[in-house]
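As a plain string of letters, each chain reads:
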Amino acid sequence: MAVPVAFFGLFFAYPVTAIVGRGLKAGGDWQFGRIGDVLARPDILDVLWFTTWQALASTALTLLIALPGAYVFARFDFPGKQLLRAVVTVPFVLPTVVVGTAFLALLGRGGLLDELWGVRLDTTVWAILLAHVFFNYAVVVRTVGGLWSQLDPRQEEAARVLGAGRFAAFRRVTLPALGPAVAAAALMVFLFTFTSFGVVQILGGPAYSTLEVEIYRQTAQLLDLPTAAVLTLVQFAAVGAILAVHAATVRRRERALKLVDPALTSRRPRGPGQWALLGGVLLTALLLILLPLGVLVERSFDGPGGYGFGYYEALQSAGSGGSSTFLVPPLEAVGNSLRYALVATLIALVVGGLAAAALTRRAGRLVRGFDALLMLPLGVSAVTVGFGFLITLDEPPLDLRTSWILVPLAQALVGVPFVVRTMLPVLRAVDDRLREAAAVLGASPLRAWREVDLPLVRRAVLVAAGFAFAVSLGEFGATVFIARPDNPTLPVAVARLLGRSGELNYGQAMALSTILMLVCAVSLLLLERIRTDRSGEF
């Protein structure tokens with residue numbers, strides 16, 4: 001636990017505490033009375049209510065739509081499976097401003113829905129919920145599907161032989177085994193929707209505001225740092241309570257599972273019902289994921305003179321269109337994002353892997369509390385973290401404001417929880433008797449880990465690496481404050497282009513977004529191929 005504790009203490013707790021402290025202090029004295037004053041305001045109470053219920057609705061809708069997809073990817077073998085798995089993960093890395101714009105093109109004035117049926121859903125809660133499902137579909141598919149594919153299907157088949165129906169066998173055998181993974185996926189979806197920013201700001205309009213949106217408004221627009229600090233504390237406390245409940249619930253439902261080679265559980269669909277389920281999942285992916293992505297691609301080629309590569313060609317020069325948006329060509333953001341994401345993934349795997357190994361031992365309240373603390377970066381305002389980095393990491397020996405490592409460190413903070421949540425259910429499902437048998441035969445703890453745990457969790461490690469890499473590519477909230485002007489990442493470059501008026505800037509933003517989609521899809525497809533090539537080693 002030493003390395004994860006030091007990492008989170010230095011790069012998360014310290015910056016967040018510093019920025020909140022500045023907001024609650026006046027003349028060197030703490031002003032805790034501000035907390036009650038802020039929370040008594042009717043407009044803040046409305047924000048808290050909307051934040052909570054839209055997160056619950058988004059989580060429930062995401063689970064309802066994505067769990068069939070998790071089953072299909074875990075149990076069925078069909079042409080294009082690896083490509084489709086990579087495609088459904090692409091939305092997870094897209095900047096929220098880009099996705100919001102794409103959904104406006106589908107659901108807003110003059111959008112596809114408006115043209116076909118005269119229906120508009122922008123500035124409604126339905127647009128927000130659909131966009132949240134679009135973002136988080138892959139979280140459920142990959143987190144739940146990763147464990148589902150390793151569950152021995154013969155256990156459910158044995159229950160059916162003994163007289164249980166299909167639903168009863170699933171409810172009594174498979175669902176309890178999947179409980180920790182489903183809970184982990186639901187937790188991540190809830191945290192992301194609870195702290196939603198770009199989607200709500202663009203699609204919700206002035207009528208809807210989450211805590212994250214209100215923190216940004218109070219900080220950047222109204223310059224009311226005390227109110228922003230109070231809202232940050234509220235968000236922090238709410239996320240901490242949720243994580244504590246989650247940790248207690250999952251701990252009661254954990255048990256040792258028999259894990260098998262995923263290749264043994266995957267087969268072609270059989271019968272009309274399974275083919276219909278596969279068709280439904282493919283149709284969902286087409287309408288929910290591919291259609292918005294297709295809008296982005298179409299807009300990147302739709303120039304003033306017709307369809308062409310004009311926007312892509314303009315990305316090769318700095319200050320294109322006579323503007324000074326960039327000090328370097330926007331296309332250089334691709335290389336910057338890849339380098340930052342690779343370093344952030346390595347940091348997240350080391351820190352998250354050590355944390356997951358420590359949490360597997362279930363040794364006392366300290367470890368159980370640490371489980372919840374690891375998820376806090378997903379529930380704390382990225383605005384707070386970004387400002388905190390700037391005001392704390394500015395003195396020797398940690399003067400990192402001009403160092404390139406600052407961006408990967410911020411991205412790794414978001415990647416570590418995904419590594420932990422992906423690896424932990426599999427690690428805890430390993431039967432302790434296997435480790436004990438290795439110890440009896442003379443294996444040291446390190447060798448027992450290498451010979452027993454690692455072969456079983458190698459798949460989970462690759463899934464975790466894919467998640468960490470994906471979230472690092474798309475991280476925007478904190479990166480926008482600390483990325484240097486001459487080394488922007490792809491999301492930062494897209495936001496800068498969207499923040500400037502003009503058709504050329506908007507078209508370049510769509511072109512960069514398309515490049516980001518392709519980079520992510522290719523990276524995830526390569527990861528899928530590595531996982532498939534090594535599946536026989538389990």
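Everything numeric in this text was worked out from a predicted model, so none of it was measured.

Q: Give a description of the overall build of the protein that names residues and reports values.
A: In terms of helices and strands, the protein carries 24 helices and six strands. When burial is assessed residue by residue, the protein has 54% of its 538 residues classed as buried. In the protein, once contacts between residues fewer than 6 apart in sequence are set aside, the share between residues at least 24 apart is 79%. As displayed, the protein offers around 22700 Å² of accessible surface, 64% of which is attributable to carbon and sulfur atoms.

Q: Run through helix α21 (residues 445–474), naming residues and quoting values.
A: Here α21 spans only 37 Å end to end across 30 residues, well under the 44 Å set by a 1.5 Å rise per residue. The largest bend along α21 measures about 55° and falls at Leu454, with the proline Pro455 one to four residues further on.

Q: Quick one: what's the story with a nonpolar patch on the surface, residue by residue and with numbers?
A: A cluster of nonpolar residues, Leu112, Leu116, Trp117, Val119, Leu283, Leu286, Leu287, Leu290 and Leu291, forms a patch on the protein surface that exposes about 850 Å² of accessible area. Mapped by element, the contributors of at least two residues to the nonpolar patch are α6 (112–117) and α14 (271–301). Broken down by element, the residue count for the nonpolar patch peaks at five residues, all from α14. Inspection of the secondary structure puts Trp117 in helix α6.

Q: Describe in detail the packing of helix α16 (residues 332–360) against helix α23 (residues 490–498), supporting the description with residues and values.
A: Between α16 and α23, the least distance of the axes is 8 Å, while the angle of their chain directions is 145°. For the pair formed by α16 and α23, the contact residues are Ala333, Val334 and Ser337 on the first element and Leu490, Pro491 and Ala493 on the second. Among the residues forming the contact of α16 with α23, the class breakdown is five nonpolar, one polar and no charged.

Q: Describe the pattern of salt bridges, listing the residues and the values that go with them.
A: Across all of its chains, the model carries one salt bridge by this definition. We note a salt bridge from Asp43 to Arg41, for which the minimum N-O separation is 3.1 Å. The exposure class assigned to Asp43 is partly exposed, which follows from its relative accessible area of 33%. Arg41 sits in the partly exposed class, given a relative accessible area of 27%.

Q: Could you give me a rundown of the side chain of Thr51, with the residues and numbers involved?
A: Tracing the backbone through its elements, the reader meets Thr51 in helix α3 (residues 42–75). What makes Thr51 buried here is its relative accessible area of 0%.

Q: How would you sum up the packing of aromatic side chains? Please name residues and give values.
A: Aromatic ring pairs are described here by two measures, namely the spacing of the ring centres and the angle between the planes. All told, the structure shown has 15 aromatic pairs when counted by the stated rule. Consider the rings of Phe301 and Phe309, whose centres lie 5.3 Å apart with planes at 85°: the pair is edge-to-face. Using a relative accessible area of 54% as the deciding quantity, one classes Phe309 as exposed. Within the aromatic cluster, the residues linked to one another by ring pairs are Phe7, Phe8, Phe11 and Phe12.

Q: Could you give an account of the nonpolar core, with specific residues and numbers?
A: In this structure, Phe7 and Phe389 are the most contacted members of the largest nonpolar core, which totals 152 residues. Counting residues in each nonpolar core, the second largest holds five residues, with Val430, Ala438, Ala443 and Val452 among its members.

Q: I'd like to hear about a positive patch on the surface, residue by residue, with values.
A: A grouping of Arg160, Arg166, Arg267 and Arg270 is seen on the molecular surface, where their side chains present a positively charged patch. Looking at the secondary structure, you find Arg270 in the loop between α13 (262–265) and α14. By relative accessible area, which is 58% here, Arg270 ends up exposed.

Q: Give a description of the environment of Asp46 that names residues and reports values.
A: Tracing the sequence through the fold places Asp46 in helix α3. Residue Asp46 is classed as exposed on the basis of its relative accessible area of 55%. Each C-alpha atom of the pair Asp46 and Thr210 lies 9.2 Å from the other, and the pair is 164 residues apart in sequence.

Q: Any details on the packing of α16 against α21? Residues and values, ideally.
A: It is the contact of α16 with α21, at a shortest axis distance of 8 Å, that shows an interaxial angle of 135°. Put simply, α16 runs oblique to α21. Crossing geometry of α16 relative to α21 is assigned as right-handed. In this structure, α16 contributes Ser337, Leu338, Ala341, Leu342, Ala344, Thr345, Ala348 and Leu349 to the contact, and α21 contributes Val461, Ala464, Ala465, Ala468, Phe469, Ser472 and Leu473. Across the contact of α16 with α21, the residue classes tally to twelve nonpolar, three polar and no charged.

Q: Give me the confidence of the model for the protein: which residues, what numbers.
A: Scored by pLDDT, the protein has a mean of 79; 87% of the residues are at 70 or more. Within the protein, the lowest mean pLDDT, 62, falls on α13, and the highest, 91, falls on α3. With pLDDT under 50 throughout, residues 320–324 is counted as low confidence; its partners more than four residues away or in other chains account for seven contacts.

Rules used throughout
Residues take numbers from 1 onward in each chain, read along the sequence in its written order. Thresholds applied to this predicted model are a pLDDT of at least 70 for local features of residues and 80 or more for the giving and counting of side-chain atom pairs; totals over whole chains, interfaces and linings are not thresholded and use all residues. The basis for every side-chain value is the complete set of heavy atoms in the structure, and neither hydrogens nor water enter the calculation. Numbered from the N terminus, helices here are DSSP runs of H or I no shorter than four residues, and strands are runs of E no shorter than two. Exposed residues in this analysis have more than 50% of their type's maximum accessible area, buried residues have under 20%, and partly exposed residues fall in between, with area computed by a 1.4 Å probe over protein chains only. By definition in these notes, contact holds between two residues if any of their heavy atoms fall within 4.5 Å. Residue-level accessible areas treat just the shown protein chains as cover; the underlying method is Shrake-Rupley with a 1.4 Å probe. Helix span, as expected, comes to 1.5 Å for every residue beyond the first. The bend reported for a residue corresponds to the angle between axes fitted to the seven residues ending at that residue and the seven starting there. Patches here are clusters of residues that have more than 30% relative accessible area and form no salt bridge, with a 9 Å joining cutoff for like charges and a 5 Å cutoff for nonpolar side chains (Val, Leu, Ile, Met, Phe, Trp, Tyr). The term salt bridge refers to a side-chain nitrogen of Lys or Arg lying within 4 Å of a carboxyl oxygen of Asp or Glu. Lines fitted to C-alpha atoms define the axes, with helix axes restricted to the stretch in contact, and inter-axis angles between N-to-C directions lie between 0 and 180 degrees. Three residue categories are used. Nonpolar comprises Ala, Val, Leu, Ile, Met, Phe, Trp, Tyr, Cys and Pro, charged comprises Asp, Glu, Lys and Arg, and polar comprises the others, including Gly. Any two of the Phe, Tyr and Trp rings considered here, Trp counted by its six-membered ring, make a pair once their centres fall within 6.5 Å; the pair's planes then place it as stacked at under 30 degrees, edge-to-face at over 60, or tilted in between. Definition of nonpolar core: a set of buried residues of the types Ala, Val, Leu, Ile, Met, Phe, Trp, Tyr and Cys, connected through side-chain atoms within 4.5 Å. Asp and Glu count as negative and Lys and Arg as positive, but His and the ends of the chain are not part of the count. Taken as the charge location is NZ of Lys, CZ of Arg, CG of Asp or CD of Glu. An angle below 35 degrees is treated as roughly parallel, one above 145 as roughly antiparallel, one from 65 to 115 as roughly perpendicular, and anything else as oblique. Note: crossing handedness is left-handed where the near helix turns anticlockwise from the far helix by less than a right angle, and right-handed where it turns clockwise. The score called pLDDT rates the predictor's confidence residue by residue, from a low of 0 to a high of 100.

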